[in-house]
Amino acid sequence: GQQVMQIPQYQHVQEGEDFTTYCNSSTTLSNIQWYKQRPGGHPVFLIQLVKSGEVKKQKRLTFQFGEAKKNSSLHITATQTTDVGTYFCAGVLGNEKLTFGTGTRLTIIP
Amino acid sequence: EAGVTQSPTHLIKTRGQQATLRCSPISGHTSVYWYQQALGLGLQFLLWYDEGEERNRGNFPPRFSGRQFPNYSSELNVNALELEDSALYLCASSTTGSKQYFGPGTRLTVT
């Protein structure tokens, strides 16, 4: 079955440093979504990427979808304490269910 | 607009008992998804209901079951509870294939 892996599993960064999480799928995806889960909270949708090679930005966050539509990345520039949480990618294949990645837990060191 | 709601917030059961968790989707959403999130771990897909039918099922034993009602709300039932069933159970709703909106979850503790 479809698998979606994320690396790293954990990331500790100093406040102000950059952060990147990578997502890889075993199969070509129709689209990929990114979610953020704050500690003690529930996942919240951030963005969806559909086109091969697509790049989208949300303030300090940059999302990329690979040319082969099998991988994606989320890059945060100059992290802030509000960025703390677990970031999940989630891949969609055709009309199938969303398959969530394993998540990357980001911790910010003030 | 009201978000996804789940009840109860917390549920404590003993091993062998049955648990029923409830979810009300956002108005207009026909799809409901259930996920299990054990402490510190990722989201494990349980079930997907759309228009009252089960569309997909994750790799969980048959004692995990559910249903979707005509008003699109949903129930998750877990029979013969085991200690390892202790987790946060998240419900999400969407229009089919689009982004998912998550509820606050039900924290199930099995003792």
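Residues numbered from 1 in each chain as written. Chains lettered and ligands numbered in written order. Predicted model: local features only at pLDDT ≥ 70, side-chain atom pairs only at ≥ 80, totals over all residues. Heavy atoms only, no water.

Q: Is there a simple way to explain the overall build of chain A in this structure?
A: The secondary structure content of chain A amounts to zero helices and eleven strands. Listing each helix as α and each strand as β along chain A from the N terminus yields β-β-β-β-β-β-β-β-β-β-β. For the C-alpha atoms alone, the extent of chain A along its principal axes is close to 40 × 25 × 20 Å. Going through the 110 residues of chain A one by one, you find that 45% of them count as buried. With an accessible surface of roughly 5400 Å², chain A has 51% of that area assigned to carbon and sulfur atoms. Of the charged side chains in chain A, 11 are positive and 7 negative, and the gap between their average positions amounts to 6 Å. (Helix = DSSP H or I, 4+ residues; strand = E, 2+ residues; numbered from the N terminus. Buried < 20%, exposed > 50% of the residue type's maximum accessible area, 1.4 Å probe, protein only. Areas by Shrake-Rupley, 256 points an atom, 1.4 Å probe, with all protein chains shown as cover. Lys, Arg positive; Asp, Glu negative; His and termini not counted. Charge placed at Lys NZ, Arg CZ, Asp CG, Glu CD.)

Q: Help me understand unusual backbone geometry in this model?
A: The peptide bond linking A:I7 to A:P8 adopts the cis configuration, its omega dihedral lying at -5°. Along the chain, A:P8 turns up in the loop between strand 1 (4–7) and strand 2 (10–14). Cis geometry marks the peptide bond from B:S7 to B:P8, where omega comes out at -10°. Relative to the assigned elements, B:P8 resides in the loop between strand 1 (5–7) and strand 2 (10–13). In the Ramachandran plot, A:K59 falls in the positive-phi region, its phi being about 55° despite a non-glycine side chain. Structurally, the position occupied by A:K59 is in the loop between strand 6 (55–58) and strand 7 (61–65).

Q: How do you make sense of the interface of chain B and chain A when you look at a structure like this?
A: Many descriptions give the size of an interface as the accessible area lost when the pieces come together. Counting residues at the interface gives 16 residues for chain B and 15 residues for chain A. In total, chain B and chain A occlude about 1300 Å² of area from one another, counting both sides; carbon and sulfur atoms represent 59% of this. In terms of surface lost to chain A, no three residues of chain B exceed B:L43, B:K99 and B:F102, which account for 34% of the buried area on that side. Between the two partners, chain B and chain A, sit zero salt bridges. Counting across the chain B and chain A interface gives two residue pairs in polar contact (both at pLDDT 80 or more). Elements that contribute at least two residues to the side of chain B that touches chain A include exactly strand 4 (31–37) and strand 5 (44–50) of chain B. (Contact = heavy atoms within 4.5 Å. Buried area = accessible area lost by both parts, 1.4 Å probe. Salt bridge = Lys/Arg side-chain N within 4 Å of Asp/Glu carboxyl O. Polar contact = N/O pair within 3.5 Å; in protein donor to acceptor, adjacent residues only side chain to side chain.)

Q: Is there a simple way to explain the sheet that holds strand 7 (residues 64–68) of chain B in this structure?
A: Whenever strands of a sheet pair, they do so through backbone hydrogen bonds, lying parallel or antiparallel. Residues and elements named next belong to chain B. Read across the open sheet, the four strands follow the order 1-3-8-7; overall the sheet is antiparallel. With one partner strand each, in any of the chains shown, strand 1 and strand 7 form the two edges of the open sheet. Each neighbouring strand pair of the sheet contributes to a mean axis angle of 15°, computed without reference to strand direction. In the sheet, strand 3 (residues 19–24) pairs with strand 8 (residues 74–78) via five bridges, with the strands oriented antiparallel. Bridging across to strand 8, A19 finds its partner in V78. (Pairing = 2+ DSSP bridges. Axes fitted to C-alpha atoms, helices over the stretch in contact; angles between N-to-C directions.)

Q: Help me understand the pairing of strand 7 of chain A, please; the structure alone is not making it clear to me.
A: Moving residue by residue along a regular strand, the side chains alternate between the two faces of the sheet. Residue and element names in this part refer to chain A. In terms of burial, strand 7 is a largely internal element, four of the five residues being buried. Strand direction decides the pairing type here: strand 6 and strand 7, joined by four bridges, are antiparallel. Across the sheet, K56 pairs through a bridge with F63, a residue of strand 7. If you look at the hairpin formed by strand 6 and strand 7, you'll find two residues sitting between the two strands, and K59 has a positive phi there, around 55°. Inspection of the sheet shows strand 7 paired to strand 8 (residues 71–76) by five bridges, in the antiparallel sense. Within the sheet, the bridge partner assigned to F65 lies in strand 8 and is S72. Counting the residues between successive antiparallel strands, the hairpin from strand 7 to strand 8 contains five residues, one of them, K69, with a positive phi of roughly 55°.

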